[in-house]
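# Observations on chain architecture
For reference, the chains in residue letters:
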Amino acid sequence: MSSATAQAWPENNGGNTVRLRFRNWRRSRPFWAGLLAMIAGLPILYFPYAKLNLSGMTVSMATTAGAGSLIIGILMIALGVTAWFQPLVRIFCGVAVTLLSLISIPVSNLGGFGLGLILGLVAGGLLMAWRPVPAPVEPGRWAADADEPAAEPATAEYAAQEPAEVAAPAVPAQQAPADEAVAAADPGEPR
């Protein structure tokens, strides 16, 4: 069988379309900021309840503020998911993630030993800075006019009907400032 008589492989676009749809979905929202916010919530949530084993010695980081750590971690994860599915509230989510990251310093073992703190601050900044990509505008149109239908282009017949020159508006003559100063200084003398 030669290449001229071989049949082409059937196209398998199933994986391609899923990947392209996910890429379009990811680009239309603050995806990476939401993901970082969710990842930042994990160490804040984990370390107060963890029992670490170091060289045969069990170290428990349980604090009296374990419930506060639980609430902060769950809220940060929820805010990351909210930013994914409701991109219009990204500013609120960004401010809330930033504040929760700062609150986690005294409440949750220095913000999950700095991991949750740093990731939360970066995620909050990214959430506040992200904005949707504007829709493409046709050449020759203003971005503000993008929602309005395009006007028909001027034809040669229409251009021939327009007047060639437009008269400039008349500007009223103004009195010179020196004349006003002289008149104000000596009102008694007639001119």
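Note that this is a predicted model, so its numbers are computed, not measured.

This brings us to the overall build of the protein chain. The helix and strand tally for the protein chain stands at eight helices and two strands. Ordered by position from N to C terminus, the α and β elements of the protein chain give α-α-β-β-α-α-α-α-α-α. Counting only residues that meet the buried cut, the protein chain has 23% of its 191 residues in that class. Across the protein chain, the fraction of contacts at a sequence separation of at least 24, relative to all contacts at a separation of at least 6, is 67%. Carbon and sulfur atoms make up 65% of the accessible area of the protein chain, which totals about 14200 Å².

A word on the UniProt feature "transmembrane region" (unreviewed entry) in the protein chain. In the numbering adopted here, UniProt assigns the feature "transmembrane region" (unreviewed entry) to residues 31-49, 61-81, 88-107 and 113-130. Along residues 88-107 one finds 90% helix and 0% strand; the C-alpha atoms at either end are 30 Å apart. In residues 113-130, helix accounts for 89% and strand for 0%; the two terminal C-alpha atoms are 27 Å from one another.

Let us now look at the packing of aromatic side chains. If you walk through the whole model with that rule in mind, you get eight aromatic pairs. Between the aromatic rings of F31 and W32, the centroid separation amounts to 4.9 Å while the plane-to-plane angle is 85°, which identifies the pairing as edge-to-face. With a relative accessible area of 54%, W32 lands in the exposed category. Taking the centre distance of 4.9 Å and the plane angle of 5° together, the rings of F31 and W84 count as stacked. Linking F31 in helix 2 (residues 31-46) with W84 in helix 3 (residues 66-85), this pair joins segments that are 53 residues apart in sequence. Members of the aromatic cluster, joined through ring pairs, are F22, W25, F31, W32, W84 and F85.

A word on the confidence of the model for the protein chain. For the protein chain, per-residue confidence averages 77 on the pLDDT scale, and 61% of positions sit at 70 or higher. When pLDDT is averaged over each helix and strand of the protein chain, the minimum, 54, is found for helix 7 (residues 156-161) and the maximum, 94, for helix 6 (residues 115-129).

Judged by nonpolar contacts, the single largest core of 14 residues is most densely connected at I72, M76, L79, C93, V97, L100 and L127. If you list the elements that add at least two residues to this core, you get helix 2, helix 3, helix 4 (90-107) and helix 6. The contact partners of C93, leaving out residues within four places of it in the chain, are L79, T82, A83 and L127.

Moving on to the packing of helix 4 against helix 6. At a minimum axis distance of 7 Å, the contact between helix 4 and helix 6 shows a crossing angle of 160°. Classified by the angle their axes make, helix 4 and helix 6 are roughly antiparallel. You can see that helix 4 and helix 6 cross each other, and the crossing is left-handed. Contact residues: R90, I91, C93, G94, V95, V97, T98, S101, L102 and I105 in helix 4; G116, L117, G120, L121, A123, G124, G125, L127 and M128 in helix 6. Of the residues contributing to the contact of helix 4 with helix 6, the split by class is 11 nonpolar, seven polar and one charged.

Moving on, we come to the packing of helix 2 against helix 3. For the pair helix 2 and helix 3, interaxial distance at closest approach is 8 Å and the crossing angle is 165°. Taken together, the axis directions place helix 2 and helix 3 in an arrangement best described as roughly antiparallel. Read as a crossing pair, helix 2 and helix 3 show a hand that is left-handed. Contact residues: helix 2 offers F31, G34, L35, A37, M38, A40, G41, L42, I44 and L45, while helix 3 offers S69, L70, I72, G73, I74, M76, I77, G80, V81 and W84. Classifying every residue of the contact of helix 2 with helix 3 gives 15 nonpolar, five polar and no charged.

Together, I91, V95, L99, L102, I103, I105, L110, L121 and M128 give the surface a local cluster of nonpolar side chains, amounting to about 730 Å² of exposed area. Ranked by the residues each element gives to the nonpolar patch, the list is headed by helix 4, at six residues. As for its placement among the helices and strands, I91 is situated in helix 4. You can call I91 partly exposed: its relative accessible area is 42%.

Here is what the cut-offs are and how they apply
- Residues numbered from 1 in each chain as written.
- Predicted model: local features only at pLDDT ≥ 70, side-chain atom pairs only at ≥ 80, totals over all residues.
- Heavy atoms only, no water.
- Helix = DSSP H or I, 4+ residues; strand = E, 2+ residues; numbered from the N terminus.
- Buried < 20%, exposed > 50% of the residue type's maximum accessible area, 1.4 Å probe, protein only.
- Contact = heavy atoms within 4.5 Å.
- Areas by Shrake-Rupley, 256 points an atom, 1.4 Å probe, with all protein chains shown as cover.
- UniProt positions renumbered as here; feature names shortened; annotations may be inferred.
- Phe/Tyr/Trp six-rings, centres within 6.5 Å; stacked < 30°, edge-to-face > 60°.
- pLDDT = per-residue confidence, 0-100.
- Core = buried A, V, L, I, M, F, W, Y, C linked by side-chain atoms within 4.5 Å.
- Axes fitted to C-alpha atoms, helices over the stretch in contact; angles between N-to-C directions.
- Parallel < 35°, antiparallel > 145°, perpendicular 65-115°, else oblique.
- Left-handed = near helix turned anticlockwise from the far one by under 90°.
- Nonpolar A, V, L, I, M, F, W, Y, C, P; charged D, E, K, R; others polar.
- Patch = residues over 30% accessible without salt bridge, like charges linked within 9 Å, V, L, I, M, F, W, Y side chains within 5 Å.
- Salt bridge = Lys/Arg side-chain N within 4 Å of Asp/Glu carboxyl O.

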